Amino acid sequence: MPSRPAALIVLILAALVLGFAPILVRLTDAGPAASGFWRFAFALPWLLLMTARSGGEGIGRPSGWMALAGGMLVLDLSFWHYSIALTSVANATTLTNLTPVVVTLVGWWLFRERPRALFVVALAAAIAGAVTMSLGADGGQGSNPPLGDVFAGVTALWYAGYFIAVKGARGAHSAGRVMLWSTAIAAPGLLLVALLLGEDVLPDSWSGWAACVGLGVVHVVGQGGVAWSLGRLPTALTAVTVLIQPIAAAILGWLLFAETLTLVQAIGGGVVLGAIVLAQLSSAPKKKDAEAVAPASP
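Residues numbered from 1 in each chain as written. Predicted model: local features only at pLDDT ≥ 70, side-chain atom pairs only at ≥ 80, totals over all residues. Heavy atoms only, no water.

Burial analysis of helix H5 (residues 89-96) places 8 of its 8 residues in the buried class, which makes it a mostly covered element. Along H5, the residues that are buried comprise Val 89, Ala 90, Asn 91, Ala 92, Thr 93, Thr 94, Leu 95 and Thr 96. (Buried < 20%, exposed > 50% of the residue type's maximum accessible area, 1.4 Å probe, protein only. Helix = DSSP H or I, 4+ residues; strand = E, 2+ residues; numbered from the N terminus.)

Rendered as structure tokens:
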């Protein structure tokens, strides 16, 4: 099994890839929920190929945890994509990633992953940094920033539910199978939401289609990396590390959409990065614990 450092590297890279998601949503030329549907539609062939390949776990059947993960994805992307349309990329992504608060508490109760005191301090610092990024954003960004911020905050609940469901599913299934079935269950749900809300389902340009394909790649690589890491790292640590995503999204929003990255936002981003490092250090296994779980010599 890959080492903990390798799992952390995969998780960090996955979080950076996920930072491209809100940028691509803006470029799809389709409705917010419709862009989520295309994200899943273009991801499914890759997930099917990965899962059904020779030597893989196989397609199998969805479990209750996988179905729950799919349902959480429908709510997650529906609310989040609308927040991206209403507020700044930085705010939409940062407020959504307040997920660690919920994930840490539920992971403690459900998976007996009791956080250390230093981790709680790191969590508080990460949340403070994330909120600072949100409050420090240019208030003139987006068509309705207050409503967009509310949608993003609610998304954090659904994203937390997704984390918990994937963690539960990963106890008995591979990341590929979990991703395949949660995505397959979520895709028709998002299409239904788009149709009920009267959205434009089809992109208006080739660049819009390219953005939809890009969302599929982001889903497979980014969310797949998170699912893989959840099988090897504590749930709370994974959720905190994914806070790299809003920092990447804020920088991309500044570069591509001229969304002002204020000094306060930059300071908040630095606090988040420092908190992530502290969280990783605080959750590292103690020496005697590592010795207790080390395999015996043959």
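Below, the discussion takes up the nonpolar core. Core analysis: the biggest nonpolar cluster contains 69 residues, and Phe 40, Tyr 162, Phe 163, Val 166, Val 226 and Val 240 have the highest contact counts within it. Look past the residues within four positions of Val 166 in its chain and what remains in contact with it is Ala 69, Val 178, Ala 227 and Leu 230. (Core = buried A, V, L, I, M, F, W, Y, C linked by side-chain atoms within 4.5 Å. Contact = heavy atoms within 4.5 Å.)

Moving on to the environment of Trp 158. With respect to the element layout, Trp 158 can be found in helix H8 (residues 145-170). A relative accessible area of 23% means that Trp 158 is categorised as partly exposed. With residues near it in sequence (within four places) discarded, Trp 158 still touches Met 72, Leu 75, Asp 76 and Phe 79.

A surface patch of nonpolar side chains, about 420 Å² in accessible area, is lined by Ile 251, Trp 254, Leu 255 and Leu 256. Within the secondary structure, Leu 255 sits in helix H12 (residues 244-257). (Patch = residues over 30% accessible without salt bridge, like charges linked within 9 Å, V, L, I, M, F, W, Y side chains within 5 Å. Areas by Shrake-Rupley, 256 points an atom, 1.4 Å probe, with all protein chains shown as cover. Salt bridge = Lys/Arg side-chain N within 4 Å of Asp/Glu carboxyl O.)

Glancing now at the environment of Val 17. Along the chain, Val 17 turns up in helix H1 (residues 4-18). Residues Val 17 and His 219, spaced 202 residues apart in sequence, show a C-alpha to C-alpha distance of 8.8 Å.

The tally for this structure, following the rule as stated, stands at 8 aromatic pairs. Where Phe 79 meets Trp 158, the ring centres are 6.0 Å apart and the plane angle is 50 degrees; that geometry is what we call tilted. With a gap of 79 residues between them, Phe 79 in helix H4 (residues 64-86) and Trp 158 in helix H8 connect regions that are remote in the sequence. Summarising the aromatic geometry, the rings of Tyr 159 and Phe 163 are spaced 5.0 Å apart at their centres and angled 75 degrees between planes, so their arrangement reads as edge-to-face. (Phe/Tyr/Trp six-rings, centres within 6.5 Å; stacked < 30°, edge-to-face > 60°.)

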